[in-house]
Amino acid sequence: MAISGLCRMFTRLAFAAGIWALVIGMTASVASAASPAPVPGPGGDRSGVSRYFSGPQGFAIPTVPCDPAGPSATDGIMADQLNPQLQAKMAGYMNAYKVSCARKVTQAVKDRGLNQRAATIAIATVIVESSLNNYAQAVDYTSLGLFQQQDWWGTREERLDPAYATNAFFDEVERMYPGGSWNNEAIGEVCWHVQRPREDLRGLYAIEAGDAALIANALWSGTSASGPQHPYASGRVTTGRSADGRLEAFAAGADGVYHAWQTAVNGDWSQWRFEGGPRNAQLAVAANADGRLEVFALSDSTFDHMWQTAPGGSWSAWANFGGGGYRLAAGNNADGRIEVFASNTTGVFHRWQTAPSGGWANWEGTAGGPANSRLAIETAADGRLEVFALSDATFEHLYQTGVNGGWSAWENFGGGGHDLSAGYNQDGRLEVFASNANGVFHRWQTSPTSWSDWAGMGGITNAELTVARSADGRVEVYAINANAASHAWQTRPNAPFSEWETFGGGGTEIAAGANADGRIEVLATSHAGVYHRWQTGFSTWSEWAWLNDAGPAMS
């Protein structure tokens, strides 16, 4: 019988027979047989034993809320979606409370500036330690909370605070794995090395790693607004990640918009499905505050949008969103409201949700901006949106003057060029890339309000650009023109870039997304269709392959 099955069986027997005292006695005897009482300090055994034998229902141990506001309606929806997908200890046992606890852990990981893999590590640990229960009474010696931390980890109040407990856990992760090296260690091993249970319990964390990835990454785009929500790039091909962790791709053909999606998290892709909508459109994807993706499609004559009717679910029909234009970009305000920008022959305009996941304001001008400009949007470390607009003749920049607030005047950001893309460093500083007839250039924040000068990176000329982030937080940039595709990356987080490396043959457009496990997936287009290449590890790549069937051709 699987460990998780035994856990549930023991729990049911304990409740049915009313033998709580017997269970405590049994688990205490296991602990004492394994080792003497733990040393009260960082050098001792940091984890007890009895909690490993409690199933996901938990014994009758008091808990406290993970979110002071309590579980949300969305937490309950997410629990219902996750339960059929889970395979180990939590399968069928997720509820709104447990999702709220996982949500607060995930948010603490985001606020710390770490990646989705870090959230998976934290949640795998919490599943094993407490079955996603914020236990308010010691289960083993002085252990409390989600991570079952002993009293040397902090005060009682601190250990019962999911944000504090998560940060204390990662303080130890980063001490044991300096320089982000935990990204290269198996998830279960990171959990075990930090928690330090008995040797025979070492494998429990690895058993939960797959489910932890599903939970953490389903919550990643929907966590609350206290941390920056970074936008997906726009273009004729684009991708976003659904609430359940699956990537969804959209490509604009001469007859309308096509759509493909992963059939499983980190897995294979569906065939392309024709969705209709504007022809030869520019596309953008954004996530609503409740986790539903929304797709925007702008042609020279119309602007339409469609959206998921439930997180990770089916899609609405197209609805009109405005008149025609040139390019577009979409991002999220710090409170979760989507904001959309579009350019045309008279400048740049924007439209925003009046409430998270809600209705829309009317279109409004931005008091200028380059006409017929290519647009990129990114989120500053404090949650303010920043917009970059590049035309053939000029480059300008616009930013929110306060979180969720109004907008600055446009300011000059450089000369004209061919294409642009924006990303963010591990420490939150923004980085902007632009291409022209001389190659690729970049400019980066030296502080939250100041920028470096432009610096040349070499590379191919007049390239289409996209940016992604590796699992350890390094910025990676991809470039494609009619003759070649190239790739450059930061040699470490927040650091200078490598030399360009050949990434493939020529094409017409390029986009990148991140799988739920952190591996980057790159999509590119040509006159023959859409193809993709993906990381097989965190530094190795597959060969190029068609994205299932070829999809729409793009000249």
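For clarity, every value in this text was computed on a predicted model and none was experimentally measured.

## Observations concerning the overall build of the protein chain
Looking only at helices and strands, one finds nine helices and 29 strands in the protein chain. A total of 555 residues make up the protein chain; the buried ones form 59% of that total. Taking as baseline every contact in the protein chain between residues at least 6 positions apart, the subset at least 24 positions apart corresponds to 50%. When the accessible surface of the protein chain is summed, it comes to about 20100 Å², and 53% of that surface belongs to carbon and sulfur atoms.

## A short note on the state of the cysteines
One pass over the structure, following the stated rule, counts one disulfide. Each sulfur of the disulfide joining Cys66 and Cys101 lies 2.1 Å from the other. Negative torsions about the S-S bond denote left-handed disulfides, and the value of about 85° found for Cys66 with Cys101 makes this one right-handed. Placement of the pair is Cys66 in the loop between α2 (20-34) and α3 (73-82) and Cys101 in helix α4 (residues 96-111), with a sequence separation of 35 residues. Each of the two residues, Cys66 as well as Cys101, counts as buried.

## Structural notes on the side chain of Ser316
Position of Ser316 among the secondary structure elements: in the loop between β7 (302-307) and β8 (319-323). The exposure class assigned to Ser316 is buried, which follows from its relative accessible area of 16%. Contact partners of Ser316, with chain neighbours within four places excluded, come to Met306, Trp307 and Thr309.

## Here we look at the sheet that holds strand β24 (residues 484-489)
Spatially, four strands are ordered β22-β23-β24-β25 in an open sheet, and the strand pairing comes out antiparallel. Looking at the sheet topology across the chains shown, the edges are occupied by β22 (464-469) and β25 (501-505). Sheet twist, expressed as the mean angle between neighbouring strand axes with direction ignored, is 25°. Bridging between strand β23 (residues 475-480) and β24 involves five bridges; their strand directions are antiparallel. Bridge pairing links Tyr478 to His487 in β24.

## Some details on the packing of aromatic side chains
For the structure shown, the criterion picks out 25 aromatic pairs. Ring geometry for Phe250 versus Trp315: centroids 5.4 Å apart, planes at 75°, classification edge-to-face. Here Phe250 is found in strand β2 (residues 247-253), whereas its partner Trp315 is found in the loop between β7 and β8, with 65 residues between them in sequence. The same class applies to Phe250 and to Trp315, which are both buried. On the numbers, 5.3 Å between centres and 55° between planes, the contact of Tyr478 with Phe503 is tilted. Placement of Tyr478 in strand β23 and of Phe503 in strand β25 is noted, with a sequence separation of 25 residues between them. The same class applies to Tyr478 as to Phe503, namely buried. Each residue in the set Tyr478, Phe503, Tyr531, Trp541, Trp544 and Trp546 is aromatic and connected to the rest through ring pairs, giving one cluster. When the ring centre of Phe321 is taken as origin, the NZ or CZ atom of Arg351, which lies over that ring, is 4.5 Å away. The ring of Phe413 has Arg443 sitting right over it, with the charged end atom 4.4 Å from the ring centre.

## Thoughts on the sheet that holds strand β1 (residues 237-241)
Spatially, β1-β2-β3-β4 is the arrangement adopted by the four strands of the open sheet, whose pairing is antiparallel. The sheet terminates laterally at β1 and β4 (273-276), the two strands that pair on one side only. Each strand axis lies, on average, 25° off the axis of its neighbour in the sheet, ignoring direction. For β2 and strand β3 (residues 256-261), the ladder comprises six bridges, and the chain directions are antiparallel. Among the inter-strand pairings, Phe250 is bridged to a residue of β3, identified as His259.

## Description of the confidence of the model for the protein chain
Considering every residue of the protein chain, the mean pLDDT works out to 87; 88% of them sit at 70 or more. Every residue in residues 1-54 scores below 50 in pLDDT, and together they form 97 contacts with partners more than four places removed in sequence or on other chains.

## Details of the pairing of strand β14 (residues 385-390)
With six of six residues buried, β14 lies mostly within the body of the structure. The alternating pattern of β14 places Leu385, Val387 and Ala389 and Glu386, Phe388 and Leu390 on opposite faces, both of which are buried. In terms of strand pairing, strand β13 (residues 374-379) meets β14 through six bridges, oriented antiparallel. Bridged to Arg374 within β14 is Leu390. Connecting β13 to the antiparallel partner β14 that follows it, the hairpin turn spans five residues, and Gly383 within it adopts a positive phi of roughly 95°. Pairing of β14 with strand β15 (residues 394-399) involves five bridges; the strand directions are antiparallel. Bridge pairing links Phe388 to His397 in β15.

The rules behind these values
- Residues numbered from 1 in each chain as written.
- Predicted model: local features only at pLDDT ≥ 70, side-chain atom pairs only at ≥ 80, totals over all residues.
- Heavy atoms only, no water.
- Helix = DSSP H or I, 4+ residues; strand = E, 2+ residues; numbered from the N terminus.
- Buried < 20%, exposed > 50% of the residue type's maximum accessible area, 1.4 Å probe, protein only.
- Contact = heavy atoms within 4.5 Å.
- Areas by Shrake-Rupley, 256 points an atom, 1.4 Å probe, with all protein chains shown as cover.
- Disulfide = S-S within 2.5 Å.
- Pairing = 2+ DSSP bridges.
- Axes fitted to C-alpha atoms, helices over the stretch in contact; angles between N-to-C directions.
- Phe/Tyr/Trp six-rings, centres within 6.5 Å; stacked < 30°, edge-to-face > 60°.
- Lys NZ or Arg CZ within 6 Å of the ring centre and 35° of its normal.
- pLDDT = per-residue confidence, 0-100.

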